Amino acid sequence: MLNKKLKQLEIPGVVEIKEMEAGYPVISINNSFANAEIALHGAHVMRFQPTGEKPVIWLSKTAVYSEGKAIRGGIPICWPWFGDKSVNDNKSNKTQVLPAHGFARSMFWELVSVQDNIETGTEIVFALKENEKTLSLWPYYFCLQLRVLVSKNLSVELSVKNTDETSFSFTGALHTYLSLGDIEASKIYGLNGVPYINKLNDQLKTQLDDIVISSELDNVYQPTVADITVYDKSQSRELLIQKQGSQSTVVWNPWEEKSSRMKDFDPGGFRNMVCIEAANTSGDVIFLQPQETHILSTNIVIKNK
Ligand code: TA6
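Attention in this report is confined to the structure presented alongside it. (Residues numbered from 1 in each chain as written. Predicted model: local features only at pLDDT ≥ 70, side-chain atom pairs only at ≥ 80, totals over all residues. Heavy atoms only, no water.)

1. Structural notes on the nonpolar core
Here is step 1: Counting residues in each nonpolar core, the largest one holds 77 residues, and the members touching the most others are Trp 79, Trp 109, Phe 126, Leu 154 and Val 274.
Here is step 2: The residues touching Trp 79, leaving out its near neighbours within four places in the chain, are His 101, Gly 102, Phe 103, Ala 104, Trp 138, Phe 142, Leu 144, Leu 158, Val 160, Phe 170 and Thr 171.
Here is step 3: The next biggest cluster of nonpolar side chains, apart from the first, holds 8 residues, and it includes Leu 59, Ala 63, Tyr 65 and Ile 71. (Core = buried A, V, L, I, M, F, W, Y, C linked by side-chain atoms within 4.5 Å. Buried < 20%, exposed > 50% of the residue type's maximum accessible area, 1.4 Å probe, protein only. Contact = heavy atoms within 4.5 Å.)

Here's what the structure looks like:
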């Protein structure tokens, strides 16, 4: 049963909040520009489809919607670390493996506000602050705020405030899964000449030409603040991915073998997606003094070709 506070934030005819599963609220936005869905779990943008367009965000048909499990697809919020992480417990001298990509994507956030403006679209704001679970994984006080603006474009902005009395550093990403008609008929522009780490073999290389993907690819490009264009030939459109507050961009497609080992990655789904992630990772670590704030954002613009 949806709690009263959530229901009161609905905007009739534009924003509806319902439970996808018991205790798993999803915010559905349907305005004059687009429709979208955002789960309260992870403040996770699941869907974005401008009016008259095909879906822009890829979402696995076999995604799992339960507390503690990140949704496969959409825009997972990787924070306060990107990738795998383990810590040594000095007392027990044991290594504790922590959840990949941090905890922000695998816990419920608070829905702070819902505003609709006929000119600019629908803005939804979520918040997450430290709690017993987060402190057990990462011993700092913080306040995250995610602002999602659903218009003809999709804008997602993560602000991180250090509310502790000591400084801390973090990494993270807006791990955007884009929906494509056919990955092998797509091209990715904007990273030519940029150095990257190939995470499949940890080799450092430089991107010489446009990216065409026909096998597993997991590259961290850095330094780059560039806009990325994904040319989706089979759907006759380009997706422009802009970002702020990030010096690193991750491009990922697991391809067939790796995706077949993930139960929540629908079979063959790898042919219709690519991740283009606005990140702070590898050498692009963010350091905040008490009361300082960092903003990481991504903006997705559709251009028909
Ligand atoms: O962004 C690329 C990546 O770091 C890959 O190495 C792969 O692990 C992917 O994220 C998905 O991670 P997940 O924990 O969501 O399965």
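2. As for the site of the ligand
Here is step 1: With respect to spatial proximity, the complete set of residues near the ligand consists of Arg 72, Phe 82, Ala 100, His 101, Arg 105, His 175, Asp 218, Val 250, Trp 252 and Glu 277.
Here is step 2: Within the contact set of the ligand, an oxygen atom lies 2.9 Å away from a side-chain nitrogen or oxygen of Arg 72.
Here is step 3: Arg 105 is positioned with one of its side-chain polar atoms (N or O) 2.8 Å from an oxygen atom of the ligand.
Here is step 4: If the ligand stood free it would expose 390 Å²; the protein chains cover 77% of that surface.
Here is step 5: Looking at the shell around the ligand, its residues break down into 4 nonpolar, 2 polar and 4 charged. (Near = heavy atom within 4 Å. Polar contact = N/O pair within 3.5 Å; in protein donor to acceptor, adjacent residues only side chain to side chain. Areas by Shrake-Rupley, 256 points an atom, 1.4 Å probe, with all protein chains shown as cover. Nonpolar A, V, L, I, M, F, W, Y, C, P; charged D, E, K, R; others polar.)

3. So, the pattern of salt bridges
One side chain can pair with another of opposite charge once the charged atoms of both are near each other.
Here is step 1: Taken as a whole and judged by the stated rule, the model has 11 salt bridges.
Here is step 2: When the shortest N-O distance is used, the salt bridge between Glu 10 and Lys 7 registers 3.0 Å.
Here is step 3: Look at Glu 10 and you get partly exposed, because its relative accessible area is 22%.
Here is step 4: Each member of the salt-bridge network shares a partner with another, and the members are Lys 69, Arg 72 and Asp 264. (Salt bridge = Lys/Arg side-chain N within 4 Å of Asp/Glu carboxyl O.)

4. As for unusual backbone geometry
Here is step 1: The omega angle of the peptide bond from Trp 79 to Pro 80 is 5 degrees, so this bond is cis rather than trans.
Here is step 2: Of note, Pro 80 is situated in the loop between strand E5 (77-78) and strand E6 (85-89).
Here is step 3: For the peptide bond that leads from Gln 222 to Pro 223, omega is -5 degrees, which places it in the cis range.
Here is step 4: In this structure, Pro 223 sits in the loop between strand E18 (217-221) and strand E19 (228-232).
Here is step 5: Notably, Asn 93 is not glycine yet its phi reads approximately 55 degrees, a positive angle.
Here is step 6: Locating Asn 93 in the fold gives a position in the loop between E6 and strand E7 (94-98).
Here is step 7: At His 101, a position not held by glycine, the phi torsion is positive, near 65 degrees.
Here is step 8: One can find His 101 in the loop between E7 and strand E8 (110-117). (Helix = DSSP H or I, 4+ residues; strand = E, 2+ residues; numbered from the N terminus.)

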